[in-house]
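Residues per chain are reported as follows:
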2 protein chains.
Amino acid sequence: MKASAGAILLQLQEQVGYPFTILSPDMYRYGGGGIASWGTLCGTVNGPAAIINLVAPAADIGKLTGELLGWYSETALPTDKHSAWAKFPQTVQSVAGNPLCHASVSNWCATSGLKENSDERKDRCAKLSGDCAAKTIELLNAYFDGKFAETYQISAETERCRTCHVTRRSDTLTKMECAPCHPNAHKK
Amino acid sequence: MKASAGAILLQLQEQVGYPFTILSPDMYRYGGGGIASWGTLCGTVNGPAAIINLVAPAADIGKLTGELLGWYSETALPTDKHSAWAKFPQTVQSVAGNPLCHASVSNWCATSGLKENSDERKDRCAKLSGDCAAKTIELLNAYFDGKFAETYQISAETERCRTCHVTRRSDTLTKMECAPCHPNAHKK
């Protein structure tokens, strides 16, 4: 969280100055490992979402953070833009499926065959921090240029779940994909 | 997130003053509904975790936030301490099982029979914001009195999962309960 929030905040401090100079990347230490290794929300998106909150009008925070979460969920990460300076130039890419640290790391371990406690995994998450900061800056630049548009689409499979559970019954709240955690829903 | 972070931040502003007076509860708008109605990390814990980060030494942030997440996961919420001023004096309590907005709201809807889009659900989440702010203040007061101790215990069932998946294979990262999302693990 500190890495991804800090990457944007330091740019704001250098290029805009006050009031961003009164803040510190150290304010965003808490979200690493999905908070205290609990694996909840991935810190690489929690941090940029906090920065979006600092610069976007309140009414549009959800559009921008939602687009970031959607992109994170369905994009093969990390990107290949880190090879010039990374400790491990080649990193296996994986798709998290949702913005949770637990799913993101588990899917990467399954895809790569590497361990969560490996140096490669730490390197991979560092690269995701850079990717999420860069994506957020792209979204914000588009937004302030008047060119931002929401593009993330919930899958048809999950929309079928939502027809009942969100719209008709209103017995849950989420935009995450349903099947990865509920693969046997309605099957006995 | 704004409500739970703000409840603590305003106390810090009133009782301590600077540097908390340069911050605003509006910095923590983004986490409501688990960020943009995605249902990821519950905003009522994301906010207090951010405030813990402001006041605790870096080395102890994880202990305090982890204790908060554990308490949130296994406690019947909301507490009954809101009845004197709440819109709905009696609120059905439920146990979230993990710190995710999606699970927390789903379990409450299932227990109460009420809808996610009801006024009662909004009132329920407002009460959770108060509960999480109050719990965090208790944790921080204990911490600064030198009386804080980690009490949350991962269940025996989940520890059995962790023996392989965290310790031996190291193919995931989480402290959340496994069974609610993986009820049929290792069953064919």
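Preceding this paragraph is the structure being described.
Residues numbered from 1 in each chain as written. Chains lettered and ligands numbered in written order. Predicted model: local features only at pLDDT ≥ 70, side-chain atom pairs only at ≥ 80, totals over all residues. Heavy atoms only, no water.

Chemist: How should the overall build of chain A be read in this particular structure?
Modeler: Secondary structure assignment for chain A yields six helices and zero strands. Reading the secondary structure of chain A in the N-to-C direction produces α-α-α-α-α-α. Against the compact-globule benchmark of 16 Å for 188 residues, chain A has a radius of gyration of 17 Å, which places it among compact chains. By principal-axis analysis of the C-alpha atoms, chain A measures approximately 55 × 40 × 30 Å. Taking all 188 residues of chain A together, 52% fall into the buried category. (Helix = DSSP H or I, 4+ residues; strand = E, 2+ residues; numbered from the N terminus. Rg over C-alpha atoms; globule rule 2.2 N^0.38 Å. Buried < 20%, exposed > 50% of the residue type's maximum accessible area, 1.4 Å probe, protein only.)

Chemist: Even after reading the chapter, I still don't get the side chain of S94(B), so can you show me in this structure?
Modeler: Residue and element names in this part refer to chain B. Mapping S94 onto the fold places it in the loop between α3 (58–74) and α4 (101–112). Classification of S94 by relative accessible area gives buried; the value is 6%. Setting aside anything within four residues of it in sequence, one finds S94 in contact with T75, A76, L77, S104, N107, W108, T111 and R124. (Contact = heavy atoms within 4.5 Å.)

Chemist: How should the packing of aromatic side chains be read in this particular structure?
Modeler: The way to describe two aromatic rings as a pair is by their centre distance and the angle between their planes. Residues and elements named next belong to chain A. Within the structure shown, the criterion is met by six aromatic pairs over all chains. A centroid spacing of 5.0 Å and a plane angle of 85° characterise the contact between Y143 and F144, whose relative ring orientation is edge-to-face. Feature note: the residues Y143, F144 and F148 constitute an aromatic cluster, connected by ring pairs. (Phe/Tyr/Trp six-rings, centres within 6.5 Å; stacked < 30°, edge-to-face > 60°.)

Chemist: Sorry, what's going on with unusual backbone geometry here?
Modeler: Excluding glycine, most residues fall at negative phi; most peptide bonds, likewise, are trans. Across the junction of Y18(A) and P19(A), the peptide omega takes the value 5°, indicating a cis bond. Structurally, the position occupied by P19(A) is in the loop between α1 (2–15) and α2 (43–55). The omega torsion of the bond from L77(B) to P78(B) falls at 0°, within 30 degrees of zero and hence cis. Mapped onto the elements of the fold, P78(B) is located in the loop between α3 and α4. The phi dihedral of I35(A) falls on the positive side, at around 75°, and the residue is not glycine. Along the chain, I35(A) falls in the loop between α1 and α2. With a phi close to 50°, S170(B) is a non-glycine residue in the positive phi region. As for its placement among the helices and strands, S170(B) is situated in the segment after α6 (156–168).

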